[in-house]
Structures are given as C-alpha cells and as structure tokens.
Amino acid sequence: MTAYLITGASIVGGEVADLLLDNGEIVAVGTNLSTPEGTTVIDGAGLIALPGLVDLHTHLREPGREDAETVLTGTRAAAKGGFTAVFAMANTDPVADTAGVVEQVWRLGRDAGYADVYPIGAVTVGRKGTQLAELGAMADSAARVRVFSDDGDCVWDAALMRRALEYVKAFDGVIAQHAQEPRLTQGAQMNEGALSGVLGLTGWPSVAEEAIIARDILLNAHVGSKLHICHLSTKGSVEIVRAAKKRGLEVTAEVTPHHLLLTEDLLTSYNPVFKVNPPLRTKADVEAVREGLADGTIDIVATDHAPHPVEDKDCEWSAAAFGMTGLETALSVVQHAMVDTKLMTWAEVADRMSYRPAAIGQITEHGRPLEAGVPANLVLLDPTVERTVVPGDSVSLSRNTPFDGMTLPGKVVATFLRGTPTVLDGDLTR
C-alpha cells in the first residue's frame, strides 16, 4: 500500500499540520515527519482536513431500482462528496426487511470499495406498518444492522412503534422515524400555507411531522430505547426536540442540506425537481433548523440522497416522485449555509457530519478525530473554490439535483478510505 504525506493542511479548520497515512492508518500528525521510501506527497496548503463524512440517510436503490442508482454508483457519488461511510435505507425492492437482503447490500458495498455501506433494516415487513420485520435476524447478520427505519413511510401505529423501540433494546439498536402522520398528508404535495393555496397544490401541514415527533419522544421516554428523527424540517419540530433534550430525554435528529438552504418559494416554477418529502418549508423554518443544527438540538446533517430516473421527475408535478440527490453537494451546502454565515465552525461540521452520525449508527472505524493510530478515513476540502452545479457532471446515475445552476463554495480535493484514495485532484481514482 502506498504511503501518503499530506503537508500543511488545516486540521478541521484549526492548526496547520502534516498527516502521514500508511497501512490504512494515520501514522503521525505534526511537522517534519519522517516518511517511508516511495511516499506520495500531497500539498495540503489552503486545504481543510476533515474526518471522512458519514451519511446516516442514503438511498442507494439496489436491489430493485438500478435504473436510478446502484450501490456502486451511489458510493462513487459519496466519495466525490467526501463521504467514507453511508447508511443505505431499506426502501429497496425487495425491501431490506430480512437478513438476506441487508447482507446483499452490505456485500455490494464491500465489493464496490468507494465507501463503507451499512444497511438500514426495515422496521416492519415490507414497510407496510403492520408487522415487525426480522429485526433480531438483521442485527445478527453479517451486516450487523443497528439502525432500523421504514423511511418513506411512517411507523404510524403507536403500539407497533412501542414494540419496535422495546425490541431493539436487546441489541442497543436505533429506530429512525420518518415523521409523517399519514392521515394529515393524504394527497399532500407541498408545505401547507398561503403559497399552497395560491399554487393550487394540496398542503402538507407542519403538524403532521410535529405530532409524530412529540408522540415518539414520549413513547421512547416510556420505553427507554433509542429514537432518531429523520429529516426534521419545521420550526415546531426543532422546538419539540429542544424541549425534550432539556428534559434529558433520549432523542437524536437530522436535517438535510436542502432543508438548510431551500424554501417553498421555489415551487412557483412547478419544477418537480423541488418536490421532496418532507416538503421544502418557509424561510422561518429554514432559519430555525439552521439555529437548531448550530446549537446541537439537531445532531447531524444527513443527505437523504434520493435519486430518480429522468422519467420519474420530468413530468407533471402531481405525477413526479418525491426526492433529491445530495451526496456530491452536501458539504458545499453546509459550508454555504452554516460556515460562511458564521453559524458553525469547521470543527462543528466535523462533529455534525462525521463524529455524531458515526456514533448514532454505532460504527467505530469512522467518525474518529484525525490523530495517530486511527483508520485513515478523511477528506481534503478547498473552501475557496466556487463551482456551479451542473447535473451532467454528477457521477450518480440520476440528475435530480435541486441545486442545478447554483454557485456553491468548496470542492472536495481528495477522499481517503482506510488510506486508499478514492478521489484525488477532485476526480475519482478509478
């Protein structure tokens, strides 16, 4: 294995130091480091070194929708975005509700070699919300599943949600809830408010999200398990989670890059690329989730990367699929929305996009500080570069980015997975 010396990089935006990578580990951090013969030197001047990013919420679509994405193409996109680990959601076909399916996804990720793939198991059989899936079997499988979610659908039955929370306690598992009361969102197309009336689109009330979050926090307090809230999007949701944490209740939450930046005003174009679940909200909601991420109420950023083929998006609004791609733009959006606005430091970005998601997902090889003796999973970012997002430049199979034509800051220069570069000079290495 080739050794790499990264010289003069800013470690999580702080001290400038060299990093020596060899045999899959960070061997040393400092200055004037002695290097083995044949070491490749990378000039890190002006670059920020971050621990490899961890995405707790990715849709890789395989098996079943390989026309939208595969584990290979999705992890290539992840590497381009600075991610070294992704958690693959269960809404595949067949659904990842058995040990066999989660092991298939795990092995596909291992064979691809661009990012470690950790499958998320479905909470219920077929994600239908009526019967618990084989949670224990998935936990005991080769994939060692610890996070379970019916994402795309809510576990709306309170009794079933309670049983799921109780069941996963046996192996310290986590239930990740897609908070959407289905009876309040039948036929919903966009955020409910004045604009939905003007546009003639069925509204999606904030309370549909907030009611489930409040219910599940109370259920989890009763059970004493681990609850994670997927893609939190409203001011009210932030307030509920903040109040729960002040009471010492166990709950973690995520926000997506698109909910940190985009608002419902974009829907006046009726462009289905902006159709997403949960929907884009108001400016006040965007400000609230930014504040929640900055103060730690919201624990992590998760992409909810949801690729779709052209025919699922290039159609009339009501027929279009929900979802947006996000792996390749996430770090730039966070820089734009949180760092360049002085709401967060790069050290806090490392926390929200690497340390904490790894801790929630219970993986130990990722989300580690950049210090000697840890696996060499890291990303080098040039924060001074600005780039215009062009869908055709993506290495994902799908092109449904909501940031098309936007100028965003920051460029991933290099990504290392256990000391092996998956990206160098901004391009995939293979």
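Residues numbered from 1 in each chain as written. Predicted model: local features only at pLDDT ≥ 70, side-chain atom pairs only at ≥ 80, totals over all residues. Heavy atoms only, no water.

A.B. asks: How would you summarise the overall build of the protein chain if you had to cite specific residues and measurements?
C.D. replies: Across its full length, the protein chain carries 12 helices and 19 strands. Reported as C-alpha extents along the three principal axes, the dimensions of the protein chain are approximately 65 × 45 × 45 Å. Burial statistics for the protein chain: of 430 residues in total, 62% are counted as buried. In the structure as shown, the protein chain presents an accessible area of about 15800 Å², 49% of it carried by carbon and sulfur atoms. (Helix = DSSP H or I, 4+ residues; strand = E, 2+ residues; numbered from the N terminus. Buried < 20%, exposed > 50% of the residue type's maximum accessible area, 1.4 Å probe, protein only. Areas by Shrake-Rupley, 256 points an atom, 1.4 Å probe, with all protein chains shown as cover.)

A.B. asks: Which residues make up the UniProt feature "binding site: Zn(2+) 1" (unreviewed entry) in the protein chain, and what values go with them?
C.D. replies: According to UniProt, the positions carrying the feature "binding site: Zn(2+) 1" (unreviewed entry) are H57, H59, D151 and D304. On the basis of their most widely separated C-alpha atoms, the annotated residues across 248 residues gather in one place, lying no more than 9.8 Å apart. Setting aside its immediate chain neighbours within four residues, D151 contacts H57, H59, M89, N91, R127, H178, C230, H231 and D304. (UniProt positions renumbered as here; feature names shortened; annotations may be inferred. Contact = heavy atoms within 4.5 Å.)

A.B. asks: Residues and numbers for the packing of helix α1 (residues 71-80) against helix α2 (residues 99-112), please.
C.D. replies: The axes of two packed helices give the description: the angle between them and the distance between them. Running from N to C, α1 and α2 cross one another at 55 degrees; their axes reach a closest spacing of 9 Å. Put simply, α1 runs oblique to α2. Every pair of crossing elements has a handedness; the one defined by α1 and α2 is right-handed. Along the contact surface, α1 presents V71, L72 and T75, while α2 presents V105, L108, G109 and A112. Split by residue class, the contact of α1 with α2 holds five nonpolar, two polar and no charged. (Axes fitted to C-alpha atoms, helices over the stretch in contact; angles between N-to-C directions. Parallel < 35°, antiparallel > 145°, perpendicular 65-115°, else oblique. Left-handed = near helix turned anticlockwise from the far one by under 90°. Nonpolar A, V, L, I, M, F, W, Y, C, P; charged D, E, K, R; others polar.)

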